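Working through the structure, step by step
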Amino acid sequence: QVQLVESGGGLVQAGGSLRLSCAASGRSFSNRAMGWFRQAEGKGREVVASINWTGGSTYYAEFVRGRFTISRDNAKNTVYLQMSSLNPEDTGVYYCAVCKGSYYSARTEEYEYWGQGTQVTVSS
C-alpha cells in the first residue's frame, strides 16, 4: 500500500525557516515527478513546487520563487521542501504528492498519490 508521510511542519515566526520532508513507502517513485502543494484555510489547494524524476528540473510557483527549494533523494524515496523567509501568507497545510508522469507539473489533476498534510503556521 502506497503511503506518503509529511513531517517538519510547525509554528515559526515571520522571516524564519522550515524544512519539510515527505517519505514515500509501498513502492519506489524514483521514476515519477513529485510535488508540494498547500491549502490555506478557506482556499483551494495550490501548487508550491514540483521536481522531475531525476531532480534535475524544478518548477516553483511565483509566490515562493527564490525562497523555497525542492529536492529529492531517490535512494530514500523522499522529497524535501526547504522554506525560508517565511511570511504569514505561507500559512496552511502542506501536502506532498506523486505525479503520474516523470516530468514536473503544476496541475493538481496530474498527481496520483497524496499525503495527509502537515500544518505550517507563520506568525507575524
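Below or above, wherever it landed, is the structure these notes cover. (Residues numbered from 1 in each chain as written. Predicted model: local features only at pLDDT ≥ 70, side-chain atom pairs only at ≥ 80, totals over all residues. Heavy atoms only, no water.)

Here we come to the state of the cysteines. Counting across every chain of the model gives one disulfide. Not engaged in a disulfide, the cysteine C99 finds its nearest cysteine sulfur in C96; these two sulfurs lie 13 Å apart. (Disulfide = S-S within 2.5 Å.)

Another aspect to go through is unusual backbone geometry. Notably, N77 is not glycine yet its phi reads approximately 55°, a positive angle. Along the chain, N77 turns up in the loop between β7 (68-73) and β8 (78-83). For S85, which is not glycine, the phi dihedral falls at a positive 50°. By secondary structure assignment, the location of S85 is in the loop between β8 and β9 (92-99). (Helix = DSSP H or I, 4+ residues; strand = E, 2+ residues; numbered from the N terminus.)

Here we take up the environment of Y59. Take Y59: it is sitting in strand β6 (residues 58-60). Note on Y59: relative accessible area 27%, which makes it partly exposed. Spatially, the C-alpha atom of Y59 lies 9.9 Å from that of Y103, the residues being 44 residues apart in sequence. Dropping the residues within four chain positions of it, Y59 is found in contact with V47, V48, A49, S50, R65, Y104 and A106. (Buried < 20%, exposed > 50% of the residue type's maximum accessible area, 1.4 Å probe, protein only. Contact = heavy atoms within 4.5 Å.)

Taken across its eight residues, β9 has seven buried, putting it largely inside the fold. Pairing analysis gives six bridges linking strand β4 (residues 34-39) to β9, with the strands arranged antiparallel. When the sheet's bridge partners are listed, F37 is paired in β9 with Y95. Note that β9 and strand β11 (residues 118-123) share three bridges and pair antiparallel. In the sheet register, V93 faces β11, and the bridge partner there is Q119. Taken together, the three bridges between β9 and strand β10 (residues 111-114) define a ladder with antiparallel strand orientation. Its bridge partner lying in β10, A97 is registered against W114. (Pairing = 2+ DSSP bridges.)

Applying the stated rule across the entire model yields five aromatic pairs. A centroid spacing of 4.9 Å and a plane angle of 80° characterise the contact between F37 and Y111, whose relative ring orientation is edge-to-face. In this pair, F37 sits in strand β4 while Y111 sits in strand β10, placing the two residues 74 residues apart along the sequence. For Y111, a relative accessible area of 4% translates into the label buried. Both rings, one in Y59 and one in Y104, keep their centres 6.2 Å apart while their planes meet at 25°; by these two values the pair is stacked. Here the residue Y59 occupies a position in strand β6, and Y104 occupies one in the loop between β9 and β10, the gap between them amounting to 45 residues. A connected cluster of aromatic rings, assembled from ring pairs, spans F37, Y111 and W114. The side chain of R19 reaches across the aromatic face of Y80, ending 4.1 Å from its centre. Positioned over the ring face of Y95 is R45, at 3.8 Å from the centre of the ring. (Phe/Tyr/Trp six-rings, centres within 6.5 Å; stacked < 30°, edge-to-face > 60°. Lys NZ or Arg CZ within 6 Å of the ring centre and 35° of its normal.)

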